[in-house]
Amino acid sequence: MSAELVNMEELREHVSDASSYHLPDFIGHFDLPSIGSFALTKCMVVECFAALLAIALFVPLAAKMKSGKPVRGRLWNLLEATLLYLRNEVIVPSIGKKDADRFAPFLWTLFFFILFCNLAGLIPWFGASPTGSLATTAVLSLFVFLVLICSGMKKFGIVGFWLGQVPEMDLPFVLAIFLKPMLFVIEVVGMIIKHVVLAVRLLANMFAGHLVIAVIMGFISAVAGGSALLWGGVAFASVLLSVALNMLELFVAFLQAYIFMFLASIYIGMAQHKH
Amino acid sequence: MHRTEFFSKTLPLKSLGSSLSASVVFLLYWLETATVFAQETAEASEARLDPLAWKGDLALWTAVVFLLLLLVLSKFAFGPIVKALDQREKNELAKVEATERANADAKALLEEYRRKLDDSNEEARRIVADAKKEVEIQADAIIESARTAAEQERARAIKDVQAASDAALRDLAEKTADLATSLAGKILKERIDPQKHSELVQSAVEKMTNQ
């Protein structure tokens, strides 16, 4: 039983953040460097990888698009089509044509950073999804919140933006004195909750997916001491199921990046218009 | 759509009431997590496996990496891409406008050519009709003139024939008179026998015939 627990622990370490890479035994394990109390972790490496990948893809794409002519090549067309889709089908409808291009770089960066982090988390041995950690999703959500507040205050003024949070209603003065502050508090708390949920939704989806795969693979070690037939059957089913779940994870990686960016653009868009 | 209604549809939280209660739960949970964070050094390995555990170093790292990425991509990738897309949009619009203009020009040109073609057809028809009329007039004139000429020719011929006939008759009469006179003179001058008389008559007739 203790051997099984060690195995489960090892599996969980594969899907969670760690400061060392557990590679197959014939390659060995190696620790990531640390400076004082600050230790580099797998999530940090993945984030750097995602950032570098985004730079490596989009800086050349920008150079190719500079001429104004359509780009050539499958990869560049794929990237350009994705950017155009997000801009024309998500950002412009949410924020409006006038302001969309101001926020497009932020929202594109958000989408591709999350997507690449999600996808990198699926790479065996290398991966630990940073988006499966609250620290990452909360920071990204915080940036959306800051962009929303700053852009709203820039557009309507500090007082105008905060007063604009209360929906306009024709209330008698006496009622308005009580109701409007309450509505203000509810709206502001609602705004904060929206962003907390934004962070938790991404976190929960990514973490849950990895954990389920880890648990399913853990079944193999859980029955390792039993009969060979049982072990073989469980191993076969677990591998098949985890392949299927990995495919689902691939889809979820795209879906959650899209949802995060979609909701972020809706929230930002709402801050650009009075209600 | 009202905001509240919108969020009740887009977010999993059904109403603001449940949002509030959820927020309280989250705040409590975060407070608890913050407490755990304070004791994290002792339980570092456990904290790593908790998805809601707050990892300050990862948060800071994420913020720095994301901001740097945003800066680099905005400056060197997405900024220029937005400009390029705007430029492309302007170019496309200009192309569409130019195409529409060209189309309008082509239509106007086509209309003008059609009009010209109609005019030309009309002109051609008119020319042909005029030509026919002209030809008919000319033909009539030619026929008339030919007829007149023929008439004149005929009249002249008749006149000539008449004149020739008159002249011949006159000449014959003169010749006949001369011959008769000469014959009479000869008859008178010579007594001739019937044979001689017959030869003289015969000779006179032949002379007349030859003349």
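(A) Layout of the overall build of chain B. Scanning chain B for helices and strands turns up 5 helices and 0 strands. N-terminal to C-terminal, the α/β element order of chain B is α-α-α-α-α.

(B) Molecular detail of the nonpolar core. Core analysis: the largest hydrophobic core is formed by 73 residues, its most contacted members being A:Leu107, A:Leu110, A:Phe111, A:Phe113 and A:Ile114. Of all the secondary structure elements, the ones that give two or more residues to this core are α2 (42-65), α3 (74-95), α4 (97-120), α5 (134-156), α7 (173-222) and α8 (228-271) of chain A together with α4 (56-189) of chain B. In terms of residue count, α4(A) provides more of this core than any other element does, 16 residues in total. Contact partners of A:Phe113, with chain neighbours within four places excluded, come to A:Ala50, A:Ala51, A:Ala54, B:Phe66 and B:Leu69.

(C) Spotlight on α4(A). For α4(A), with 24 residues, the first-to-last C-alpha span of 33 Å sits near the 34 Å given by 1.5 Å per residue. The sharpest bend along α4(A) reaches about 50 degrees and sits at A:Phe103, with the proline A:Pro105 one to four residues further on.

(D) Quick peek at the interface of chain A and chain B. Between chain A and chain B, the contact holds 50 residues from the first and 41 residues from the second. For the side of chain A that touches chain B, the elements supplying multiple residues, two or more each, are α2, α4, α5 and α7 of chain A. Looking at the side of chain A that touches chain B, the element that brings in the most residues is α2(A), giving 12 residues. Among the residues forming the side of chain A that touches chain B, the class breakdown is 35 nonpolar, 9 polar and 6 charged.

(E) Structural detail: the confidence of the model for chain A. Residues with a pLDDT of 70 or more make up 93% of chain A, whose mean pLDDT is 86. Confidence drops under pLDDT 50 across residues 1-6 of chain A; counting only partners more than four residues distant or on other chains, this segment forms 3 contacts.

(F) Region of the structure containing the packing of α4(A) against α8(A). All names here are of chain A. Two elements in contact, α4 and α8, have axes whose closest approach is 8 Å; the angle formed by their N-to-C orientations is 155 degrees. Looking at the two axes, α4 sits roughly antiparallel to α8. Crossing geometry of α4 relative to α8 is assigned as right-handed. Within the contact between the two elements, α4 uses Phe-103, Leu-107, Leu-110, Phe-111, Ile-114, Leu-115, Asn-118 and Leu-119 and α8 uses Ala-253, Phe-254, Gln-256, Ala-257, Phe-260, Met-261, Ala-264, Ser-265 and Ile-268.

(G) Examining the packing of α2(A) against α3(A) more closely. Residue and element names in this part refer to chain A. Remark: α2 packs on α3, axes separated minimally by 11 Å, with the N-to-C direction vectors making an angle of 90 degrees. Considering the angle they form, α2 stands roughly perpendicular to α3. Contact with α2, carried on its side by Leu-57, Leu-61, Lys-64 and Met-65, involves Trp-76, Leu-79 and Glu-80 of α3 and no other residues of that element. The residue inventory of the contact of α2 with α3, partitioned by class, reads 5 nonpolar, no polar and 2 charged.

(H) How the structure looks around the environment of A:Val46. Relative to the helices and strands, A:Val46 is located in helix α2. Between the alpha carbons of A:Val46 and A:Leu119 there is a distance of 9.7 Å; along the sequence they are 73 residues apart.

(I) Broad picture of the environment of A:Val223. Residue and element names in this part refer to chain A. Within the secondary structure, Val-223 is located in the loop between α7 and α8. Classification of Val-223 as partly exposed rests on a count of 16 C-beta atoms within 10 Å. In this structure, the C-alpha to C-alpha distance between Val-223 and Ala-235, residues 12 residues apart in sequence, is 8.9 Å. The contacts of Val-223, once residues within four sequence positions are left out, are Leu-230, Trp-231 and Val-234.

Rules used in this analysis
Residues numbered from 1 in each chain as written. Chains lettered and ligands numbered in written order. Predicted model: local features only at pLDDT ≥ 70, side-chain atom pairs only at ≥ 80, totals over all residues. Helix = DSSP H or I, 4+ residues; strand = E, 2+ residues; numbered from the N terminus. Core = buried A, V, L, I, M, F, W, Y, C linked by C-beta atoms within 7 Å. Buried ≥ 20, exposed ≤ 12 C-beta atoms within 10 Å, placed from the backbone. Contact = placed C-beta atoms within 7 Å. Expected span 1.5 Å × (residues − 1). Bend = angle between axes of the 7 residues up to and from the residue. Nonpolar A, V, L, I, M, F, W, Y, C, P; charged D, E, K, R; others polar. pLDDT = per-residue confidence, 0-100. Axes fitted to C-alpha atoms, helices over the stretch in contact; angles between N-to-C directions. Parallel < 35°, antiparallel > 145°, perpendicular 65-115°, else oblique. Left-handed = near helix turned anticlockwise from the far one by under 90°.

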